[in-house]
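Residue strings, one per chain:
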Amino acid sequence: MPHLTAAAGNGRPADLITTSSIAATRILEKFSVYSGTKAYISHLTRLLRVELGPKNVRVATIEPGMVDTELPSHVTDPDASALMEGLLTEIDPLRSADVAETVAFIAASPRHVNLTEITILPTAQAV
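The notes below deal with the structure included here. (Residues numbered from 1 in each chain as written. Predicted model: local features only at pLDDT ≥ 70, side-chain atom pairs only at ≥ 80, totals over all residues. Heavy atoms only, no water.)

**Topic: a nonpolar patch on the surface**
Here is step 1 of the chain: Together, Y40, L44 and L47 give the surface a local cluster of nonpolar side chains, amounting to about 300 Å² of exposed area.
Here is step 2 of the chain: By the element assignment, Y40 lies in helix α2 (residues 32-52). (Patch = residues over 30% accessible without salt bridge, like charges linked within 9 Å, V, L, I, M, F, W, Y side chains within 5 Å. Areas by Shrake-Rupley, 256 points an atom, 1.4 Å probe, with all protein chains shown as cover. Salt bridge = Lys/Arg side-chain N within 4 Å of Asp/Glu carboxyl O. Helix = DSSP H or I, 4+ residues; strand = E, 2+ residues; numbered from the N terminus.)

**A short note on the environment of T5**
Here is step 1 of the chain: Tracing the chain through its elements places T5 in helix α1 (residues 2-9).
Here is step 2 of the chain: It is 32 Å that separates the C-alpha atoms of T5 and V67, two residues lying 62 residues apart in sequence.
Here is step 3 of the chain: Sequence-distant contacts of T5, that is, excluding residues within four places in its chain, are made with L52, K55 and V57.
Here is step 4 of the chain: A distance of 3.2 Å separates the side chain of T5 from the backbone oxygen of P2, its partner in a polar contact. (Contact = heavy atoms within 4.5 Å. Polar contact = N/O pair within 3.5 Å; in protein donor to acceptor, adjacent residues only side chain to side chain.)

**Quick notes on the sheet that holds strand β1 (residues 15-19)**
Here is step 1 of the chain: The strand order across the open sheet built from 3 strands is β1-β2-β3, with neighbouring strands paired in parallel fashion. Each end of this open sheet is capped by a strand with a single partner; those strands are β1 and β3 (117-120). With direction set aside, neighbouring strand axes in the sheet form an average angle of 20 degrees.
Here is step 2 of the chain: Pairing of β1 with strand β2 (residues 58-64), which is carried by 5 bridges, proceeds in the parallel orientation. What sits directly across from D15, in β2, is R58.
Here is step 3 of the chain: Against the sheet, α2 contacts β1, β2 and β3, and its axis sits at roughly 160 degrees relative to β2. (Pairing = 2+ DSSP bridges. Axes fitted to C-alpha atoms, helices over the stretch in contact; angles between N-to-C directions.)

Here's what the structure looks like:
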C-alpha cells in the first residue's frame, strides 16, 4: 500500500486490480468454499477502494466466468470437477489473455475514472 499511495501522491499511476470470480456473486452448487473465498476477495477490494480511493489509488476487481485454466484439475470434489470439465467442452471459455486484456483496459482508463467491478463471461456461459 505505501508504494501505491506514494506513486499516486507523485501523480503516477496507482492501480490495485484483483481477480475474483463470478462465484463471488452467483450461487454455484458444489462450489461453496471456492465461492466464499472469491466473495471475500471481492468484498475486500470494495473496502480497499473506500480507503485508497481518496488517496487517488484506483482499486478494481475482475470477476471472470469460465476461464480455460488448470483449475478443474485442482478441484477435489469429483462432481464439481466434472461440471467444470463439461463446461469447458460445451462453450468457448475465456482465455488468460482475455482477462489480461481486461486488466490493461482498466489500467488504461483516464486517471479520474475507476472501473470498480467488471464481470467478464464467455458469450455462451449462462451463469
